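Here are the chains, one letter per residue:
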Amino acid sequence: MASERLSVVVTRRLPEVVETRMSELFDVELRETDTPMTRDELVNAMKRADVLVPTITETIDANMLAAAGEQLKLIANFGAGVDNIDVSSARQRGILVANTPGVVTDDTADMTMALILGVTRRISEGVALMRSGKWEGWAPTALLGGRVSGRRLGILGMGRIGQAVARRAQAFGMQVHYHNRKRLHPEIEAEFDATYWESLDQMVARMDVISINCPHTPSTFHLINARRLKLMKPSAVIVNTSRGEVIDENALTRGLRSGEIAGAGLDVYEHGQGINPRLRDLDNVLLLPHMGSATHEGRIEMGEKVLINIKTFADGHRPPDLVVPSML
Ligand code: 8YV
């Protein structure tokens with residue numbers, strides 16, 4: 001692959017420094033308006049670009065990959081999760097997929113803690129009261145929440161982000177438990193004083209807080225379903241900064257409404273911005289608009305990763321953050 005002037009199409013507006021560097025290095029088409037590309041726009045982009053830089057708002061399925069031009073050789077995703085891309089189909093067609101792992105870890109783990117604290121300490125109810133102008137002053141029994149310290153946190157998915165959550169939770173005095181496809185090395189378990197649960201059912205039944213930190217794959221879809229929600233303690237809360245699809249959102253909404261579980265802190269939703277409207281009416285939920293990794297620093301570092309992935313590929317090497325189907 002010649003290193004000069006690869007044609008790159010970027011689907012969304014990125015931080016200015018990233019766009020500038022991208023324009024210096026490649027023959028880049030930047031997005032003028034910051035709206036997701038339509039399917040047709042994406043298909044057309046895939047017919048002319050050597051490299052596509054999509055985000056979570058662009059789904060790239062097998063049919064679109066089949067319609068892509070022969071020149072499309074790399075999809076350099078601006079994001080760590082690649083569930084928006086049919087990675088296996090891309091691979092079969094000789095199109096490489098790369099992502100931006102690592103740089104979203106701390107920011108996402110921070111937001112996970114914010115949700116844990118926010119739900120347990122009823123922060124959104126406090127904010128709503130202040131905004132309403134109806135606060136009548138301090139009262140001994142007003143807005144009592146739970147103490148985070150001493151609670152059992154069950155982390156579902158103990159990869160980079162899960163471990164960063166564990167580190168933070170430990171500093172807050174929480175007891176760390178986890179369920180993962182693979183048990184961690186004993187040294188890592190010891191670092192977090194973490195208890196491994198082979199059975200997810202057993203873990204969810206015993207935790208005070210469940211945090212979703214696994215990627216969305218066919219095997220994690222609805223891992224937290226109606227049956228598992230029923231296993232949770234009625235005093236337990238669940239937080240999700242990973243992907244909405246891991247939780248059955250309708251079952252969760254029912255569980256929250258009926259008091260089967262005490263609360264939820266959500267940054268991601270099963271159908272993107274198409275949130276179950278009933279969730280919005282509940283006091284015991286804290287809802288955020290997918291902003292777990294939304295820091296200035298994180299977005300620039302994501303852009304740098306994308307640039308390195310493309311540049312390395314342009315120079316004839318394997319992109320450092322290549323995603324292969326067996327990793328998923
Ligand atoms: C990103 C994310 O902002 O990196 C990820 O996987 O979920 C987000 O934090 C988004 O995916 C950008 O495409």
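Since the model is a prediction, treat every value here as computed from it, not as a measurement. (Residues numbered from 1 in each chain as written. Predicted model: local features only at pLDDT ≥ 70, side-chain atom pairs only at ≥ 80, totals over all residues. Heavy atoms only, no water.)

Draft legend 1. Fine view of the nonpolar core. Grouped together as the largest cluster of nonpolar side chains are 27 residues, with contacts concentrated most on Ile210, Ile212, Ile224, Met232, Ile238, Leu252 and Leu256. Looking at this core, the elements that each hand over two or more residues are helix 9 (200–206), strand 9 (209–212), helix 11 (249–258) and strand 11 (263–266). If we ignore the near neighbours within four places in the chain, the residues touching Ile238 are Ile210, Ile212, Ile224, Met232, Ile247, Leu252, Ile261, Gly263, Ala264 and Gly265. Counting 26 residues, the second-largest nonpolar core is a separate cluster that includes Met111, Leu153, Met158 and Leu286. (Core = buried A, V, L, I, M, F, W, Y, C linked by side-chain atoms within 4.5 Å. Buried < 20%, exposed > 50% of the residue type's maximum accessible area, 1.4 Å probe, protein only. Helix = DSSP H or I, 4+ residues; strand = E, 2+ residues; numbered from the N terminus. Contact = heavy atoms within 4.5 Å.)

Draft legend 2. Broad picture of the domain arrangement of the chain. According to the domain assignment, the chain consists of domain 1 (7–102 + 295–327) and domain 2 (105–287). Centre-to-centre, using C-alpha coordinates, domain 1 lies 31 Å away from domain 2. Domain 1 puts 8 residues into the contact, and the matching count from domain 2 is 7 residues. Of the roughly 580 Å² buried at the junction of domain 1 and domain 2 (both faces included), carbon and sulfur atoms supply 37%. Here Arg243 and Asp83 are joined by a salt bridge, their closest N and O atoms 3.1 Å apart. Taken together, the links from domain 1 to domain 2 amount to 4 residue pairs in polar contact (both at pLDDT 80 or more). Classifying every residue of the side of domain 1 that touches domain 2 gives 3 nonpolar, 4 polar and 1 charged. (Domains from an automatic or database assignment. Buried area = accessible area lost by both parts, 1.4 Å probe. Salt bridge = Lys/Arg side-chain N within 4 Å of Asp/Glu carboxyl O. Polar contact = N/O pair within 3.5 Å; in protein donor to acceptor, adjacent residues only side chain to side chain. Nonpolar A, V, L, I, M, F, W, Y, C, P; charged D, E, K, R; others polar.)

Draft legend 3. Spotlight on the sheet that holds strand 1 (residues 7–10). Pairing is parallel in the open sheet, where 5 strands are placed in the order 2-1-3-4-5. Edge positions in the sheet fall to strand 2 (27–29) and strand 5 (96–98), since each has one partner strand and no second. Across this sheet, the average inter-strand angle for adjacent strands is 20 degrees, counted without regard to direction. Note that strand 1 and strand 2 share 3 bridges and pair parallel. Within strand 2, the position partnered with Val8 by the bridge is Val28. (Pairing = 2+ DSSP bridges. Axes fitted to C-alpha atoms, helices over the stretch in contact; angles between N-to-C directions.)

Draft legend 4. The pairing of strand 11, seen in detail. Here strand 11 shows two buried faces, one formed by Gly263 and Gly265 and the other by Ala264 and Leu266. Following the backbone out of strand 10 (residues 237–240), through helix 11 and into the adjacent parallel strand 11, one traces a crossover that is right-handed. Alignment of strand 11 against strand 12 (residues 285–287), held across 3 bridges, turns out to be parallel. Bridging from a neighbouring strand, Leu266 pairs with Leu287 of strand 12. (Right-handed = clockwise from strand over helix to strand, strands pointing away.)

Draft legend 5. Fine view of the packing of aromatic side chains. Taken as a whole, this structure holds 1 aromatic pair when the rule is applied. Ring centres of Tyr178 and Tyr196 lie 5.1 Å apart, and the angle between their planes is 45 degrees; on these two criteria the pair is classed as tilted. Of the two residues, Tyr178 sits in strand 7 (residues 175–179) while Tyr196 sits in strand 8 (residues 195–196), which places them 18 residues apart along the sequence. No difference in accessibility class separates Tyr178 from Tyr196, as the two residues are buried. (Phe/Tyr/Trp six-rings, centres within 6.5 Å; stacked < 30°, edge-to-face > 60°.)

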